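If you want the building blocks of each chain, they are given just below.
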Amino acid sequence: MDLTRWSGKAVETATVWTDANQRVLRELVDFSAATAREGVKLYAELQQKALEALRVDSVEKALTILEGQAQMLVRSAERMQTSAEQTGKSIQETCTAAVAKIKDVCAQA
């Protein structure tokens, strides 16, 4: 293999990895932003319910509100888990595609 062809493969390989790195980074940034939004939303909802619990006139109503808070936490955790799974799947697909492209580049004579 001559130097020109070797250099071309090196450039193609670097391009594939750069593209894959950008996609993975974009996925991680999107996941981080979604997690932050979820956290802010949950915090606001919990604060609102805590204030409601302070204003009620019976322990039973307060406990019902606190139960609702627990359910909010569970739903929020489920949404974050789903988002994390989707992000992980997307990153895995990106890496798998990058490896396949690099194999193709290396297989070319």
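Computed from a predicted structure; not experimentally measured.

Peer 1: Describe the pattern of salt bridges, naming the residues involved and giving the relevant values.
Peer 2: Within this structure, the stated rule accounts for four salt bridges. Between R79 and E38 there is a salt bridge, with the nearest N and O atoms lying 2.6 Å from each other. Taken together, the residues span a long stretch of sequence, with R79 in helix 2 (residues 59-107) and E38 in helix 1 (residues 3-55) at a distance of 41 residues. The class for E38 is buried, based on a relative accessible area of 11%. With its nearest N and O atoms 3.3 Å apart, the salt bridge here joins K61 to D57. Residue classification places K61 among the partly exposed residues on the basis of a relative accessible area of 46%. According to the relative accessible area criterion, D57 is exposed, its value standing at 66%.

Peer 1: Which residues make up the state of the cysteines, and what are the values?
Peer 2: Under the definition given, this model contains zero disulfides. The thiol of C95 is not disulfide-bonded; the next cysteine sulfur, from C106, is found 16 Å away. For C106, a relative accessible area of 54% translates into the label exposed.

Peer 1: I'd like to hear about a nonpolar patch on the surface, residue by residue, with values.
Peer 2: A cluster of nonpolar side chains, contributed by V59, L63 and L66, occupies part of the molecular surface with about 290 Å² of accessible area. As for its position among the elements, L66 is in helix 2. For L66, a relative accessible area of 42% puts it in the partly exposed group.

Peer 1: Report on the side chain of T87, specifying residues and quantitative values.
Peer 2: Its place among the elements puts T87 in helix 2. Leave out the neighbours within four places in its chain, and T87 touches E27 and F31.

Peer 1: Give a description of the environment of V105 that names residues and reports values.
Peer 2: As for its placement among the helices and strands, V105 is situated in helix 2. A C-alpha to C-alpha distance of 24 Å links V105 and K89, two positions 16 residues apart in sequence. Ignoring sequence-local partners within four residues, the contact set of V105 consists of K9, E12 and T13.

Peer 1: How would you summarise the packing of helix 1 against helix 2 if you had to cite specific residues and measurements?
Peer 2: Orientation of helix 1 relative to helix 2, taken along the N-to-C sense of each, is 175 degrees, at an axis distance of 10 Å. The angle between helix 1 and helix 2 falls in the class roughly antiparallel.

Peer 1: Which residues make up the side chain of T94, and what values do they have?
Peer 2: Relative to the assigned elements, T94 resides in helix 2. The buried category is assigned to T94, whose relative accessible area is 13%. With sequence-adjacent residues up to four places away left out, T94 is seen in contact with A20, R23 and V24.

Conventions adopted
Residues numbered from 1 in each chain as written. Predicted model: local features only at pLDDT ≥ 70, side-chain atom pairs only at ≥ 80, totals over all residues. Heavy atoms only, no water. Salt bridge = Lys/Arg side-chain N within 4 Å of Asp/Glu carboxyl O. Helix = DSSP H or I, 4+ residues; strand = E, 2+ residues; numbered from the N terminus. Buried < 20%, exposed > 50% of the residue type's maximum accessible area, 1.4 Å probe, protein only. Disulfide = S-S within 2.5 Å. Patch = residues over 30% accessible without salt bridge, like charges linked within 9 Å, V, L, I, M, F, W, Y side chains within 5 Å. Areas by Shrake-Rupley, 256 points an atom, 1.4 Å probe, with all protein chains shown as cover. Contact = heavy atoms within 4.5 Å. Axes fitted to C-alpha atoms, helices over the stretch in contact; angles between N-to-C directions. Parallel < 35°, antiparallel > 145°, perpendicular 65-115°, else oblique.

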